[in-house]
Structure formats: structure tokens, C-alpha cells
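Structural description and commentary
Chain residues, written in single-letter form:
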Amino acid sequence: MGTNVPPRRESLARGPHEVYFKNLSKQKQKEVMEKNGNNRKLRVCVATCNRADYSKLAPIMFGIKAEPQFFELDVVVLGSHLIDDYGNTYRMIEQDDFDIHTRLHTIVRGEDEAAMVESVGLALVKLPDVLNRLKPDIMIVHGDRFDALALATSAALMNIRILHIEGGEVSGTIDDSIRHAITKLAHYHVCCTRSAEQHLIAMCEDHDRILLAGCPSYDKLLSAKNKDYMSIIRMWLGSKEMVRVMRKKGIEHHPNFRAVKHVPFDQFIQLVAHAGCMIGNSSCGVREVGAFGTPVINLGTRQTGRETGENVLHVRDADTQDKILHALQLQFGKQYPCSKIYGDGNAVPRILKFLKSIDLKEPLQKKFCFPPVKDNISQDIDHILETQSALAVDLGGTNLRVAIVSMKGEIVKRYTQLNPKTYEDRLELILKMCVEAASEAVNVNCRILGVGISTGGRVNPREGIVLHSTKLIQEWSSVDLRTPISDALHLPVWVDNDGNCAALAERKFGHGKGVENFVTLITGTGIGGGIVHQHELIHGSSFCAAELGHIVVSLDGPECLCGSQGCIEAYASGIALQREAKKLHDEDLLLVEGMSMKKEEVVSAAHLIQAAKLGNTKADSILRTAGTALGLGVVNILHTMNPSLVILSGVLASHYVNAVKDVINRQALSSVKTVDVVVSNLADPALLGAASLVLDYTTRRIY
């Protein structure tokens, strides 16, 4: 047998939280106490259920008792402490000079599962009265016994803070479930090993409320002195079932064996420290015995999952005597190094600092630190509204664009391709781009409600047919867009003129939101627009309403693409300005100082605008004429529809807004001069308007 008690082991590695408590000054402790209310002492209730948990709780209780300026200690004894068969171990608590406030008889006789459940129920019946009388600030609960589960349940339901000792460990049988259940009820945690700490964090416990302190019993184990152990060396410590087997086999008559109900902890330490080997399935074999390097043979699976030192040899399937004998031959008489897993002898000072740091003003309701997860809120109306989206298609003269647009008007994803010249290629590309966008919508958490298409020309929105196109889009007359796209995507499809779509975009997302009567004018390559009257879009009897670009403002004006003369579009469109810019350029009258053009560069409306800004009087005159023509068209609209708002949209809007206002002031009837004329703040009215076709018609429900 070994004769030397091993030296103190080195300190456990400390986490950031433990360093904090190590460095906690007396001043800080005083501040916490003052915050808790006029230097009021922390009232701590320690509840012990059996001799095993008392060996862990006793060092803490001695520490609390030694600092009466900080703590008031109440001791509650229950469980097997009060059972004669287990040695009435409450007496050792009295021998340690602790006043027992309450004794609760909670054990129901029996050795089956039903007796365990009934014991928990009995404890739950008796504990509320005790806790009501004591009114502790915090209850200290140890381990994984069913009695401890009753204690934690009662305290949690009565809004008493719980400090759980030795949570986060893994063993076997029902112990794991009980231990982890107590963890979820507890507000603070003192664990013994780094792995246990990580388990607690993985169980979503708040890292700031976890202290890696080591096992409190190690504080006594590692300070144990050599004593004369010969007077106790022939004792056998075991369960009632073990005693029955011993008696049946006649082993109790052997001079080297003796059955006892209880061995005091000091004597037990000496037995363990000097034993040649320890055999059994108790947790002390894999925990406390490691402090002495005593060889251990752990039988069965009860301690499966616990961290063990090299002194422990597992015989998990001990169904034959030979396995145990082989294990004894390997283990007996060996001396292993002191295990550094469960403690370093300094647990109690850390725990006391931890207790002193508890702020009773903090909310009692504990919070779990769950990892980030995607919330399942599909039935939440806000989530439904946020994820409702549309596929928007804009068919321009140059580009074909498709976008995923959210209910809030956010363009989530955009796709752009050159607009093919033929009907077949164009329709094929639309389908391809829409399929791609619909697939991507799933990845960006968008629920597509339908497809909205904005296109130039005259459109029958009821049938989804382009009746006549503009000259900018070839092979685009009498085209049924709704049927092939709806059949391919299995989604509803809406189609409308680009000017009408711009008005819808303003009604839903822009300046027209909530306005009963307004007009939108698009100033781009061509001139278009839309009219909203009494909150509804006007299409006209043959779907030709709001062809605002073809309002005639001069009988002998320039020729328009529509075949007429003097239309607004012939004066103020991008094409018209480009035409005038080319004329000036051909006559070498466009470029002024500060301007330059590459030889191959195409003259555009932008050059005309730049020249006017740099002082080209001819360019400026052309722009003023265009602005006047647009203003006269707006005056005609005011006299016809009497809207309260005119919205200028498109790339040329900011260049025309002041000219339009001037013409209104000069030419309009006084009754309509109060109209507001504004420039649209929408970045992409064509796509937003196409999306509005879908979002307005598919969400007409009141929430």
C-alpha cells in the first residue's frame, strides 16, 4: 500500500471570468454589497441530502461560516442523512458545529423507481414552507441526486436564485438527465473541469455566470495529513445490496472485511490514500481518489462519460470474475501521479468571491445564450409582408431587365441583358431570366407572388397582350405575354404600358402615395406617362389613355415618331434633343470651350445639355423650347384632369421642372396654378411599377 500523501497540484488554468473573480478587490466586494442594499449580508441556504454531497458542500459551508460579515448561513438537511440505514449522517453535520435549521424527512422506503419519484414528490410538498420561512437570497445545490432536483425545482418556482455545484459533467444512468435539468433551473454554476465548463456553455448557459473553480472536496483532500490509519483499514464501505451479498457469501466473517453504515470523511480519505486499489462504481473512484494517485477499477457503465485520470481502469462489462481479477493484477499496489483534472485545492476561495459578486439587483429571470438560428416566423404577418415579392420585367428599347422586388420596394436582385431584335429570341430570354430569378428568390428568402411586365406601346392589361409597340421595340405587336410566361413559371402575370407602370410606382412607393389624383410624366428616350384618378389608374376605352407624349402643342412643329407633328415628344424627348444636338454639331455650333468629343463618339442629348450649361446660347434655346413644349402639355393636362400633383420622372426631369413651373404660372388658369410639380425620387420607376402590378393586385387584403 502507498504511504505518501501527494503534494498539492498546480493551479487550474483560469478562464477570463475566473481571473476576474481572482482579482476582485475588497472594495469591489463592498460596492456589490452596497448595491445589494445597505451592506446587507447575503443569506445563503445550503441544502444537503446525503453524505456524498456533504463532502463537497462542507468546505463551502466552513468558508461561508468564516466570513459572517458577508454571509448568513442556513442549513437544511433532508434525504438519506436522516435514515438510520445510512448511518444518520446528519450527526456529522452537527459534529462540524453547524446549526441545522430544518430537518425534512423526504425518503419514501423502497429501492425501486417508484420510491424515488415519491421521494421527490414528498420533498416538493415540504420544501415550500421551509423556503418561505428562510427567504434565502441564494440556495446552493449540489450534483445530480433526485433530492437535489426537488430542491432546485422548489427554489426556481419560488424565485430563489440557485447556485449549482458540479454541473456540466457527464456520467451515466438517470444522473445525467437530473444533473442537466438542475443546470437549466440554476442561475449560477460552479464547475470542476474545463470540459464541464464547455458543456455548460454548449447548453446555452451564460458564460459570465459560470465559475471554473475545481471540486470543493479537493480543498480538504490535498491538505490531508498522514495519520495512523491502521485502526480503520479493515472497514468496508458499501450499499445495502452489497452488504446482503457479503452476508450471503459469508464474507462478513472474514477478518479483513467489515460492513459499516457510514465511514467519516476524514477516515475515508485515509482509506483511499493508503489503499492498494479501490474497486466499485462510485463517482469518488473517478474523482476524489485521483487526488492521491490510488489505483481504481471502475465497474460497469455508471460513470461512463466522466473524465478520469490515468489511475482509473474501466471494466465496463464485469460479467465474469476473470476480468476483475485481470484488472486487479494490473492495478493493485501501483502508485499513479496526482490527477490534475478535478481541482487544485483552491475551490472554496473562488466560490466565496463568486458569491460576493452576485448582484441581487440584477433581473432574476435567467437568460439563455442560444446560438444564432434562423427564426421560424413564417406565420408572423410582418414576416409574410416582408417576404412577399414580385418578379419585375422592364422591356426597354435597348435592354431587357428582370428584378426581384420586395413589398417595401427594395430591388433585391437585378438581371440585365441586351433586348433581342426578334420576338422568339426576346420571349426565350424573358423566360430564361425569370426562371433564374425565381430560383434565386428562394435563396434570398423572397416569396414570389407573380410577374409584372412593363413595356412600351399600347397594352391590353386585361388580357396581357401588347397591341401595338413603339418603333423602338421591333416585332412586338399583337403579342400575348401572359400565357407563355404564366404557363412556364406557374405564376400569375400582369402586363402594362411603361408610362402606366411609372404612375403605379409613384402611387405605391413615391410622391403619389396616398394622393387621390396625380399625373406622372416620363421624360426619357420618349415621353410617356400615367394618370391616377381617385386612386385608380386610367387606361381608357381602347387602352390609349395617358399617351401624354403625343399631346400636340404646335400645329407646325417637328415631326414625331407617331407620324404627327408638334407632339410634346417631338420637342422634349431624348430623341428630339439628340436630333437637335446633331444639327448643331453638323454645323459646328455644338461644342464650346470646355467641351470635347472623340471622333467616333455619338452625339447625344447629354452633349446638348452640357453645351447649354457651358454657355452655348443655341443649345440653351433648344432646351428652353423643349421645356416650354412640355410645360404647355402639362397645362393641357391640368385643364383636362385637374390633378393635385404632377410628377416628372426620367433622366431629363430635373432639367425641365423649373421650365414647366414657369409655363404653368404664365399659361394655366388660376384655379390650377396651385398644383405641385415635383421630380420623382424613385431610382427605377419602370421596375418598381412592374412590381406594383403584382404587389397591388395580389395583396388586396386588410390586415
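The coordinates are above.
The rules behind each value
Residues numbered from 1 in each chain as written. Predicted model: local features only at pLDDT ≥ 70, side-chain atom pairs only at ≥ 80, totals over all residues. Heavy atoms only, no water. Phe/Tyr/Trp six-rings, centres within 6.5 Å; stacked < 30°, edge-to-face > 60°. Helix = DSSP H or I, 4+ residues; strand = E, 2+ residues; numbered from the N terminus. Buried < 20%, exposed > 50% of the residue type's maximum accessible area, 1.4 Å probe, protein only. Lys NZ or Arg CZ within 6 Å of the ring centre and 35° of its normal. Pairing = 2+ DSSP bridges. Right-handed = clockwise from strand over helix to strand, strands pointing away. Salt bridge = Lys/Arg side-chain N within 4 Å of Asp/Glu carboxyl O. 1 Å grid on protein atoms, 1.4 Å probe; cavity = no way out; pocket = protein on both sides within 12 Å on 5 of 7 lines; lining within 4 Å. Points joined across faces, edges and corners; volume = space filled by probe spheres on them. Nonpolar A, V, L, I, M, F, W, Y, C, P; charged D, E, K, R; others polar.

Here's the deal with the packing of aromatic side chains
Tallied over the full model, the rule gives 6 aromatic pairs. On the numbers, 5.8 Å between centres and 45 degrees between planes, the contact of F368 with F370 is tilted. Ring geometry for W494 against Y697: centres 6.3 Å apart, planes inclined by 15 degrees, an arrangement best described as stacked. Of the two residues, W494 sits in strand β20 (residues 493-497) while Y697 sits in helix α24 (residues 685-698), which places them 203 residues apart along the sequence. We classify Y697 as partly exposed; its relative accessible area is 40%. Directly above the aromatic system of F98 lies the positively charged group of K65, at a separation of 5.1 Å from the ring centroid.

Describing unusual backbone geometry
Even without being a glycine, K135 presents a positive backbone phi close to 45 degrees. With respect to the helices and strands, K135 occurs in the loop between α5 (113-134) and β4 (138-142). Given the relative accessible area of 56%, K135 is considered exposed. Its identity is not glycine, yet H490 carries a phi of approximately 55 degrees, on the positive side. Among the secondary structure elements, H490 is positioned in the loop between α17 (482-489) and β20.

Concerning the pairing of strand β3 (residues 100-104)
Sheet analysis places strand β2 (residues 71-78) next to β3, joined by 4 bridges and oriented parallel. From the neighbouring strand, V76 faces β3, where its bridge partner is T102. Taken together, β2, helix α4 (residues 90-95) and β3 constitute a β-α-β crossover, and its handedness is right-handed.

Details of the pattern of salt bridges
The tally for this structure, following the rule as stated, stands at 30 salt bridges. Here E288 and K56 are joined by a salt bridge, their closest N and O atoms 3.1 Å apart. In this pair, E288 sits in the loop between α12 (283-286) and β11 (296-299) while K56 sits in helix α3 (residues 51-65), placing the two residues 232 residues apart along the sequence. One salt bridge in this structure joins R287 and E166, with 2.6 Å as the shortest N-O distance. Of this pair, R287 sits in the loop between α12 and β11 while E166 sits in the loop between β5 (161-165) and α7 (175-185), and the two are 121 residues apart along the sequence. On the basis of relative accessible area, R287 is assigned to the buried category, the value being 1%. Among the charged side chains, a network of salt bridges with common partners joins K56, D144, E166, E169, D176, R179, R287, E288 and R306.

What about the pairing of strand β1 (residues 42-48)?
Among the 7 residues of β1, 6 are classified as buried, and the element is accordingly described as predominantly covered. Handedness of the crossover joining β1 and β2 through α3 is recorded here as right-handed. Pairing geometry for β1 and β4, over 3 bridges, is parallel. Residue pairing in the sheet places C45 in a bridge with M139 of β4.

Overview of helix α14 (residues 347-356)
Counting buried residues in α14 gives 8 out of 10 residues, a clear majority hidden from the surface. Buried within α14 are the following residues: A347, V348, R350, I351, L352, F354, L355 and K356.

Structural notes on empty space enclosed by the protein
By the definition in use, this model includes 2 cavities of 30 Å³ or more. Forming the walls of the second largest cavity are G457, R458, V459, D496, N497, N500, F543, A545, A546 and E547. Counting only elements with at least two residues in the lining of the second largest cavity, the list comes to β17 (458-460) and β20. In terms of residue class, the lining of the second largest cavity is built from 4 nonpolar, 3 polar and 3 charged.

In short, the description is geometric, and any link to function would need to be established separately.
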